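Examining the three-dimensional arrangement
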Amino acid sequence: MVNVVGVRFRTAGKIYYFDPCGLNFDKGDKVIVETARGVECGTVVIPNHEVPDEEVVAPLKNVIRKADENDLKHVEENHEKEKEAFNICLEKIKKHGLEMKLIDVEYTFDNNKVLFYFTADGRIDFRELVKDLASVFRTRIELRQIGVRDEAKMMGALGPCGRPLCCSTHLSEFTPVSIKMAKEQSLSLNPAKISGTCGRLMCCLKYEQETYEYLLNKAPKVDAVVQTPNGQGTVVQVNLLRELVKVKLDNEQGTDIMDFSFNDVKVVKDVEKAPEIDEKELEELKELED
């Protein structure tokens, strides 16, 4: 077992483990740590605790110290410099005629590197831009191309639900989301209705997927022939969340449609449903998964 603290550098950012070096930290403490890209200031989100050796990526970096007032003042100064660097970089991008969108600028705590985050439709030759920026800032320059999901996470916004984006408030990492999830949850496959602000499938499709998969395994399919307490019939509708099926029963008096619980019906003859959308439409929707 290894004693570690969990540190985060951005709101809803990934949590990294560090060696506390014999010091004790509380949740919310600001700390100065050694990272692969230099010295950084982060926030403790997981206090001292032990984790199995296999959960730690060796070598474990150290917590240098708890941040003091001077450190926090330096962080604020860096934020002001980032705003200035953002405007300068915009001018340089325009000067070089590059098809790229600048998203954010970040100074490392020790000012040994300035990172510029951008989006672009394809690969960008920014070698001349890097040289130009290096001559202005007199430090190491790194341009990092990010995806549209990362852009939304950094920028923040309101989602279709009217609440702040999940990715910018509490999702530390993106999990795969697929068109299959939308289909299994009986959602409209209209891209406008299942896409987030980033233009990709909404991350929240993942939240209830496990429940839907469990219920789908219990539920009979539409058009399946089932045995009910009132006789044999055909399933015409499935309500997954209420765990009910509507069954069309044929009897001497005519046709009845009744509701039954999943537990009260037994499949006599199952069916294989054909895809409800054609291959071309499915291919177009697949782009929302990227």
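Look up: the structure comes first, before these words.
Criteria and cut-off values
- Residues numbered from 1 in each chain as written.
- Predicted model: local features only at pLDDT ≥ 70, side-chain atom pairs only at ≥ 80, totals over all residues.
- Heavy atoms only, no water.
- Helix = DSSP H or I, 4+ residues; strand = E, 2+ residues; numbered from the N terminus.
- Buried < 20%, exposed > 50% of the residue type's maximum accessible area, 1.4 Å probe, protein only.
- Pairing = 2+ DSSP bridges.
- Axes fitted to C-alpha atoms, helices over the stretch in contact; angles between N-to-C directions.
- Core = buried A, V, L, I, M, F, W, Y, C linked by side-chain atoms within 4.5 Å.
- Contact = heavy atoms within 4.5 Å.
- Expected span 1.5 Å × (residues − 1).
- Polar contact = N/O pair within 3.5 Å; in protein donor to acceptor, adjacent residues only side chain to side chain.
- Salt bridge = Lys/Arg side-chain N within 4 Å of Asp/Glu carboxyl O.
- Left-handed = near helix turned anticlockwise from the far one by under 90°.

Here we look at unusual backbone geometry
Of note, the amide linkage connecting A58 to P59 takes the cis form, showing an omega dihedral of -5°. Summarising the element assignment, P59 is placed in the loop between β4 (38–51) and β5 (63–66). Of note, the phi angle at R138 is positive, near 55°, even though the residue is not glycine. Looking at the secondary structure, you find R138 in the loop between α2 (127–137) and β8 (140–145). Positive phi, normally seen in glycine, also occurs at S186, with a value near 55°. Classification of S186 by relative accessible area gives exposed; the value is 63%.

A closer look at the sheet that holds strand β2 (residues 15–18)
The strand order across the open sheet built from 5 strands is β2-β1-β4-β3-β5, with neighbouring strands paired in antiparallel fashion. Of all strands in the sheet, those bounded by a partner on one side alone are β2 and β5. Strand-to-strand twist across the sheet, computed as the mean angle between neighbouring axes with direction ignored, equals 45°. In this structure, strand β3 (residues 30–35) lies alongside β5, joined through 3 bridges in antiparallel fashion. Looking across to β5, one finds that V31 is bridged to K66.

Observations regarding the pairing of strand β10 (residues 231–239)
Direction of pairing for strand β9 (residues 225–228) relative to β10: antiparallel, over a ladder of 4 bridges. Residue pairing in the sheet places Q227 in a bridge with Q232 of β10. Counting the residues in the hairpin turn of β9 and β10 gives 2 residues.

Quick look at the nonpolar core
Side chains of nonpolar character tend, in soluble globular proteins, to be buried together. Core analysis: the largest hydrophobic core is formed by 18 residues, its most contacted members being M100, F116, L133, F137 and L143. Listed by contribution, the elements that provide at least two residues to this core are α1 (69–96), β6 (101–107), β7 (113–119), α2 and β8. If one sorts the elements of this core by residue count, α1 sits on top with 4 residues. In this structure, Y212, L215, V226 and L249 belong to the second largest nonpolar core, which totals 12 residues.

Remarks on the sheet that holds β8
Read across the open sheet, the 3 strands follow the order β6-β7-β8; overall the sheet is mixed. Strands at the two margins of the open sheet, each flanked by one partner only, are β6 and β8. The sheet shows a mean angle of 20° between the axes of neighbouring strands, direction not considered. In this sheet, β7 lies alongside β6 in antiparallel orientation, the contact comprising 6 bridges. Bridge pairing in β7 places K101 opposite T119. Here α1 sits on the sheet and contacts β6 and β7; the angle it forms with β6, its principal contact strand, is near 145°. Of the strands in this sheet, β6, β7 and β8 are in contact with α2, which crosses β8 at around 140°.

Focus: the environment of V5
Tracing the backbone shows V5 in strand β1 (residues 2–8). In the structure, V5 is positioned 51 residues away from V56 in sequence and 11 Å away in space, judged by C-alpha atoms. In this structure, V5 is in contact with Y16, Y17, F18, P20, F25, I46, P47, N48 and V63, ignoring residues within four places of it in sequence.

Some points on α1
Spanning 28 residues, α1 covers 40 Å between terminal C-alpha atoms, matching the ideal 40 Å at 1.5 Å per step. Within α1, the full set of buried residues consists of D71, V75, N78, E82, A85, I88, C89, K92 and I93. One side-chain oxygen of the residue at the start of α1 lies 3.1 Å from the amide nitrogen of N70, identifying that residue as D68. Trailing α1 by a residue or two, G97 shows a phi angle of about 60°, which is positive.

Things to note about the pattern of salt bridges
Considering all chains together, one arrives at 19 salt bridges under this definition. For K101, the salt bridge identified is with E151, shortest N-O distance 2.7 Å. In this pair, K101 is assigned in strand β6 and E151 in helix α3 (residues 148–155), connecting sequence segments 50 residues apart. K246 is paired through a salt bridge with D259; the nearest N and O atoms lie 3.1 Å apart.

With respect to the packing of α1 against α2
Running from amino to carboxyl end, α1 crosses α2 at an angle of 140°, the nearest separation of the two axes being 10 Å. Relative to α2, α1 is oriented so that their crossing is right-handed. For the pair formed by α1 and α2, the contact residues are A85, I88, C89, K92, I93, K95 and H96 on the first element and E128, L129, D132, L133, V136 and F137 on the second.

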